[in-house]
Amino acid sequence: MELAVDSPLAAYRTAFLAGDLDAAVAAMRPDVVLSSPITNAFRFTGRAQLRDLLEDVRAVVADSEYTHDVGDDRTRVLRYSGRVGRQPFDETMVVVLDDDGLIASMELFIRPLPGLTALAAALGPRVARRRSRVRAAVVRGMIGPLALVTARAEGTGARLAAP
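These remarks concern the structure in this document. Here the structure is a predicted model, which means the values were calculated and not measured. (Residues numbered from 1 in each chain as written. Predicted model: local features only at pLDDT ≥ 70, side-chain atom pairs only at ≥ 80, totals over all residues. Heavy atoms only, no water.)

Turning next to helix H1 (residues 10–18). Burial in H1 covers these residues: Ala10, Tyr12, Arg13, Ala15 and Phe16. Elements that come into contact with the buried residues of H1 comprise helix H2 (21–26), strand E1 (28–35), helix H3 (46–60), strand E3 (62–71), strand E4 (75–84) and strand E6 (103–111). A positive backbone phi angle near 80° is found at Gly19, which sits one or two residues after H1. (Buried < 20%, exposed > 50% of the residue type's maximum accessible area, 1.4 Å probe, protein only. Helix = DSSP H or I, 4+ residues; strand = E, 2+ residues; numbered from the N terminus. Contact = heavy atoms within 4.5 Å.)

Bringing unusual backbone geometry into the picture now. At the junction of Arg111 and Pro112, the peptide bond is cis and its omega measures out at -10° in the coordinates. Mapped onto the secondary structure, Pro112 falls in the loop between E6 and helix H4 (113–129).

Scanning all chains against the criterion turns up 14 salt bridges. Two residues, Glu55 and Arg130, come together in a salt bridge whose shortest N-O distance is 3.5 Å. On the criterion of sequence distance, the pair formed by Glu55 in helix H3 and Arg130 in the loop between H4 and helix H5 (133–161) is long-range, its members being 75 residues apart. Residue Arg130 is classed as partly exposed on the basis of its relative accessible area, which comes to 41%. Asp63 is the salt-bridge partner of Arg83, the closest N and O atoms lying 2.7 Å from each other. You can see Arg83 sitting in strand E4 and its partner Asp63 sitting in strand E3, a full 20 residues away along the chain. According to the relative accessible area criterion, Arg83 is partly exposed, its value standing at 28%. Exposure remark for Asp63: the relative accessible area of 54% places this residue in the exposed category. (Salt bridge = Lys/Arg side-chain N within 4 Å of Asp/Glu carboxyl O.)

Take the packing of aromatic side chains next. With the rule as written, the count across this model stands at six aromatic pairs. On the basis of an interplanar angle of 80° and a centroid distance of 5.4 Å, the ring pair of Phe42 and Phe44 is categorised as edge-to-face. Residue Phe44 is classed as buried on the basis of its relative accessible area, which comes to 10%. The structure contains a cluster of three or more aromatic residues connected by ring pairs, namely Tyr12, Phe16, Tyr66, Tyr80 and Phe89. (Phe/Tyr/Trp six-rings, centres within 6.5 Å; stacked < 30°, edge-to-face > 60°.)

Where E1 lies against E6, four bridges are found, and the strand directions are parallel. Each bridged residue has a counterpart across the sheet, and for Leu34 the counterpart in E6 is Met106. One ladder, built from eight bridges, connects strand E5 (residues 87–97) with E6; its direction is antiparallel. Bridging from a neighbouring strand, Val96 pairs with Ser105 of E6. With antiparallel pairing between neighbouring strands as the criterion, E5 and E6 make up a hairpin whose turn holds five residues, including Gly101 at a positive phi of roughly 85°. (Pairing = 2+ DSSP bridges.)

This is a description of form; function is not addressed.
What follows is the structure, encoded as structure tokens:
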């Protein structure tokens, strides 16, 4: 499916893929909120936090591509694919726009599980490191084994559970 070039999110998509994070956050409201696909324990709020997060995402995700942008003037759904290391993932993002077409909120969903855990293992420590190296090490120690287990077990588990 071709992406809408006149979509309110066209500037955001283009800027993010080009690494122009200032232009990407300029497409957001100052009080933008992003709901993480990894945890419900906190949200990223405001342009500064979103810019930091986008910087971390760009550092760990390769082969980024937006493949879909559908919806109306208020609610858009973006489909995105990428890779963390050798682990591919797909993301669906529900975006709510304000009256000016700026991004008011973003809610992300990522699949498959090995892709989500690989992203969490790569991104979590980077986000935590903005507060301290100790926090980053703790997050890495907690999430790293989960990513390893889900990546290794996916093939066997899928074969055992497949209809």
